[in-house]
Number of protein chains: 2
Amino acid sequence: MQVPVVENVLKLNDEVAALNRQALRAAGVFTIDLIGAPGCGKTALLEATLRQLCNELRIGVLVGDLTTDRDGQRLARWTGDVVQINTGRGCHLDANQVRQGLARLALDRLDLLVIENVGNLICPVGFDLGQDVKVGMFSVSEGDDKAAKHPYLVYESALLLLNKIDLLPYVPFDGCAFRRDIAGLNPRVQVLELSVANDDLAPWLDWVRAAAARMTPALGSPT
Amino acid sequence: MQVPVVENVLKLNDEVAALNRQALRAAGVFTIDLIGAPGCGKTALLEATLRQLCNELRIGVLVGDLTTDRDGQRLARWTGDVVQINTGRGCHLDANQVRQGLARLALDRLDLLVIENVGNLICPVGFDLGQDVKVGMFSVSEGDDKAAKHPYLVYESALLLLNKIDLLPYVPFDGCAFRRDIAGLNPRVQVLELSVANDDLAPWLDWVRAAAARMTPALGSPT
C-alpha cells in the first residue's frame, strides 16, 4: 500500500512543479533552489547577494523554515520581494508550498528568484519545485567529507558552493579531498569557494549575473 | 488515504522501538540517540569519547549514513562494537534498522550504546528507536539561532551539546541568545558546551559515566 501513495505524492508534486516552472519561465525569472545544511550560511549569502546586486537585479526570495520567521525578517531588510514559508515539522519545501509563495510575488517584476530551502542536505533533493537549477551549499566547518556523504545533492546540483573559507586556518579541511570526491560523483558540476563573512563572493555574484542574463521573458508571455 | 498509511508506519516503528528498548534494558545498556546537523561533530565526539572511556565503559555504536562507511571506519579504530547502517536516500534511522543493528552486537557485554543518527536536525526527531534519551548536538559555527529554528529537537532532548566553542573567536555567536531560546522552549534541558577539537569535553564524559552507572541489568534478564 505504501509505495503507490508515495509515488502519487511525488507525481502530484512534479505536476505542480511543472506549473511553477511554466509561470517562472513565462515571466523570465531564473530560479535557484538553494540547498544546504543548517548553518552553512544560506541566509547570510542571500543577505550579501541582495545588498550587492539590488541596483542591478530584482531578486525575490522564498525562504523555508520549520517555525520561525527569522530568516524572512533578515532578508526583508534588503528586499520587499520575500515570502517566509513555515513547514512545521516538514523537512523540505514542496512544489505546492512554492506555488502558494509565488502567488504572493509579482513575478513579472523579478529577474531572479532564490528558493532558500529548509536547512537539510537530504530531503530537499528529492522534490522538484520548478527551479531552473539546484545549488548545493557546504561550509568548511562541516568537514571535507560532506560532499561524499551526500551524493544525491552532488549529482543533481548545477553549482556547489563552499562557504566559510575564512575559517580554513582554524578547522581541519582537505580541499583536495573535497574536490576529488565531487569530481568522482559529478565531473560536470562547478565548485565556487567563498567567504560570506569576509564579503568574498565575487565569483558567485558573477555566476548569478550570468544566470539572470540567460533569461528573457518568453515571447508572447502574459504581461 | 495518506494519513492512515503514515500513521501505520509510525505505529509499526513504535512497536519495534518498544522491542528494542526492552532488549536494551534487559541487557542493562543505556542508549543515546545522538541527533545533529551534518558536520556538527557527532563522529568526532564519539571518537574522543571512545578513546577516553574505553578502559572504563564498554561502548557500542550504531552509525547511520546515506551511503558511505566512513564514519563506521573512523569509529572502528576505537571499538569493535560498531555497526554502520546505510539508509540510501533515507533521512533518518528507524527502529527496524536499529533492530537489525542490535542483532549484530553482543548487548550483554555493553554498558552504553550510542546511536549516531543521520546528520539532520529534523527528520530523526520524530522516530523512536528504543533509546533512553535523545541528545541534540549543535555547533557554534552553525549560528546562535539553530535551537530556536529546531524546536522539536529541543523539546525532546534530555541533553543539548554545543560543540566547537574553540571557534568562538572567529564566528558570530551570541551564547546568551542561544541559551535564552532554549530556556524558552524547554527549561528542563541541560546544555553542555564543549570543544572536541581541543579535547575539552570533561562535562560530557561525566554525564556519560553517570548515565551508564544508572543502568544495571534487569533482574531475571536472559544471560
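Our subject is the structure listed above.
No experiment lies behind these values; they were computed from the predicted model shown.

1. Side note on the interface of chain A and chain B
Then, number 1: Across the contact, 38 residues belong to chain A and 38 residues belong to chain B.
Then, number 2: In this assembly, chain A packs against chain B so that about 3,200 Å² is buried in total across both faces, 63% of it on carbon and sulfur atoms.
Then, number 3: Across the chain A-chain B interface, the total number found is 6 salt bridges.
Then, number 4: Where B:D65 meets A:K149, a salt bridge forms, and the shortest distance between an N and an O atom there is 3.1 Å.
Then, number 5: Taken together, the connections running from chain A to chain B amount to 8 residue pairs in polar contact (both at pLDDT 80 or more).
Then, number 6: The set of elements that each furnish at least two residues to the side of chain A that touches chain B consists of α1 (2-26), α3 (70-76), α5 (146-149) and α6 (151-156) of chain A.
Then, number 7: For the side of chain A that touches chain B, a count of residues per class yields 17 nonpolar, 9 polar and 12 charged.

2. Considerations on the pairing of strand β6 (residues 159-163) of chain B
All names here are of chain B.
Then, number 1: Of all 5 residues in β6, 5 are buried; the element is thus mostly enclosed.
Then, number 2: Alternating residues of β6 divide into L159, L161 and N163 and L160 and L162, and every residue in both groups is buried.
Then, number 3: In the sheet, strand β5 (residues 133-139) pairs with β6 via 5 bridges, with the strands oriented parallel. Residue pairing for β6: M137 is matched across the bridge by L161.
Then, number 4: Crossover handedness for the path β5 to helix α5 (residues 151-156) to β6: right-handed.
Then, number 5: Bridging between β6 and strand β7 (residues 190-193) involves 4 bridges; their strand directions are parallel. If you follow L162 over to β7, its bridge partner there is E193.
Then, number 6: With helix α6 (residues 175-185) bridging β6 and the parallel β7, this β-α-β connection has right-handed handedness.

3. Digging into the side chain of B:Q84
All names here are of chain B.
Then, number 1: Relative to the elements of secondary structure, Q84 occurs in strand β3 (residues 82-86).
Then, number 2: Judged by its relative accessible area of 19%, Q84 falls in the buried class.
Then, number 3: In this structure the side chain of Q84 is engaged in a polar contact, spanning 3.2 Å, whose partner is the side chain of D65.
Then, number 4: Here the side chain of Q84 touches G72 through a polar contact of 2.8 Å, landing on its backbone nitrogen.
Then, number 5: Residues in contact with Q84, not counting those within four places in the same chain, are V63, G64, D65, T68, D69, R70, D71, G72 and R104.

4. Topic: the relation of the copies chain A and chain B
Then, number 1: Rotating chain A by 180 degrees and moving it 0.0 Å along the rotation axis overlays it on chain B with an RMSD of 0.0 Å. With respect to symmetry, the two chain copies, as superposed, fit the operation of a two-fold axis.
Then, number 2: When the interface residues of chain A are mapped onto chain B, 100% of them are again interface residues, pointing to one common binding face.

5. Some remarks on the packing of helix α2 (residues 42-53) of chain B against helix α7 (residues 202-214) of chain B
Residues and elements named next belong to chain B.
Then, number 1: At a closest axis distance of 11 Å, the pairing of α2 and α7 adopts a crossing angle of 65 degrees. Our classification of the angle between α2 and α7 gives roughly perpendicular. For the pair α2 and α7, the sense of crossing is right-handed. For the pair formed by α2 and α7, the contact residues are L45, T49, Q52 and L53 on the first element and W204, L205, V208 and R209 on the second.
Then, number 2: When grouped by side-chain class, the residues that make up the contact of α2 with α7 number 5 nonpolar, 2 polar and 1 charged.

6. Notes on the sheet that holds strand β1 (residues 30-36) of chain A
Within a beta sheet, neighbouring strands are joined by backbone hydrogen bonds and run either parallel or antiparallel to one another.
Residues and elements named next belong to chain A.
Then, number 1: An order of β3-β2-β4-β1-β5-β6-β7 is seen for the 7 strands of this open sheet, with the pairing classed as parallel. Both edges of this open sheet fall to β3 (82-86) and β7 (190-193), since each of them pairs with a single strand only. Adjacent strand axes in the sheet meet at a mean angle of 20 degrees when their direction is disregarded.
Then, number 2: Running over the sheet, helix α2 (residues 42-53) touches β1, β2 (59-65), β4 (112-116), β5 (133-139) and β6 (159-163) and is turned about 165 degrees from β2.
Then, number 3: Contacting β2, β3 and β4, helix α4 (residues 95-102) crosses the sheet at an angle of about 135 degrees to β2.

7. Examining the packing of aromatic side chains
Describing an aromatic ring pair means giving the distance of the ring centres and the angle of the ring planes.
Then, number 1: Across all of its chains, the model carries 11 aromatic pairs over all chains by this definition.
Then, number 2: Consider the rings of B:Y152 and B:Y155, whose centres lie 6.0 Å apart with planes at 75 degrees: the pair is edge-to-face. You can see B:Y152 and its partner B:Y155 sitting in helix α5, 3 residues apart, about one turn around the helix.
Then, number 3: Under the relative-accessibility criterion, B:Y152 is labelled buried at 18%.
Then, number 4: Considering the side-chain rings of B:F173 and B:F178, the 5.4 Å spacing of their centres and the 50 degrees angle between planes classify their relative orientation as tilted.
Then, number 5: The class of B:F178 is buried, set by a relative accessible area of 1%.
Then, number 6: A cation sits over an aromatic face here: A:R89 above B:Y152, 4.0 Å from the ring centre.

8. Observations regarding empty space enclosed by the protein
Then, number 1: Under the defined criterion, the tally for this structure stands at 2 cavities of 30 Å³ or more.
Then, number 2: Of the volumes computed, that of the largest cavity is approximately 50 Å³.
Then, number 3: Taken together, 13 residues form the lining of the largest cavity, with A:S141, A:E142, B:S139, B:S141 and B:E142 sitting closest to its centre.
Then, number 4: Of the residues contributing to the lining of the largest cavity, the split by class is 3 nonpolar, 6 polar and 4 charged.
Then, number 5: What the second largest cavity holds in volume is close to 40 Å³.
Then, number 6: Surrounding the second largest cavity, A:L46, A:T49, A:L50, A:I59, A:V61, A:L112, A:V114, A:W204 and A:V208 form its lining.
Then, number 7: At the level of elements, α2, β2, β4 and α8 (202-214) of chain A are the ones that each hand at least two residues to the lining of the second largest cavity.
Then, number 8: Of all the elements, α2(A) adds the most residues to the lining of the second largest cavity, at 3 residues.
Then, number 9: Split by residue class, the lining of the second largest cavity holds 8 nonpolar, 1 polar and no charged.

Cut-off values and rules
- Residues numbered from 1 in each chain as written.
- Chains lettered and ligands numbered in written order.
- Predicted model: local features only at pLDDT ≥ 70, side-chain atom pairs only at ≥ 80, totals over all residues.
- Heavy atoms only, no water.
- Contact = heavy atoms within 4.5 Å.
- Buried area = accessible area lost by both parts, 1.4 Å probe.
- Salt bridge = Lys/Arg side-chain N within 4 Å of Asp/Glu carboxyl O.
- Polar contact = N/O pair within 3.5 Å; in protein donor to acceptor, adjacent residues only side chain to side chain.
- Helix = DSSP H or I, 4+ residues; strand = E, 2+ residues; numbered from the N terminus.
- Nonpolar A, V, L, I, M, F, W, Y, C, P; charged D, E, K, R; others polar.
- Buried < 20%, exposed > 50% of the residue type's maximum accessible area, 1.4 Å probe, protein only.
- Pairing = 2+ DSSP bridges.
- Right-handed = clockwise from strand over helix to strand, strands pointing away.
- Least-squares fit on C-alpha atoms with pLDDT ≥ 70 in both.
- Axes fitted to C-alpha atoms, helices over the stretch in contact; angles between N-to-C directions.
- Parallel < 35°, antiparallel > 145°, perpendicular 65-115°, else oblique.
- Left-handed = near helix turned anticlockwise from the far one by under 90°.
- Phe/Tyr/Trp six-rings, centres within 6.5 Å; stacked < 30°, edge-to-face > 60°.
- Lys NZ or Arg CZ within 6 Å of the ring centre and 35° of its normal.
- 1 Å grid on protein atoms, 1.4 Å probe; cavity = no way out; pocket = protein on both sides within 12 Å on 5 of 7 lines; lining within 4 Å.
- Points joined across faces, edges and corners; volume = space filled by probe spheres on them.

By themselves, these are just geometric observations and shouldn't be taken as functional.
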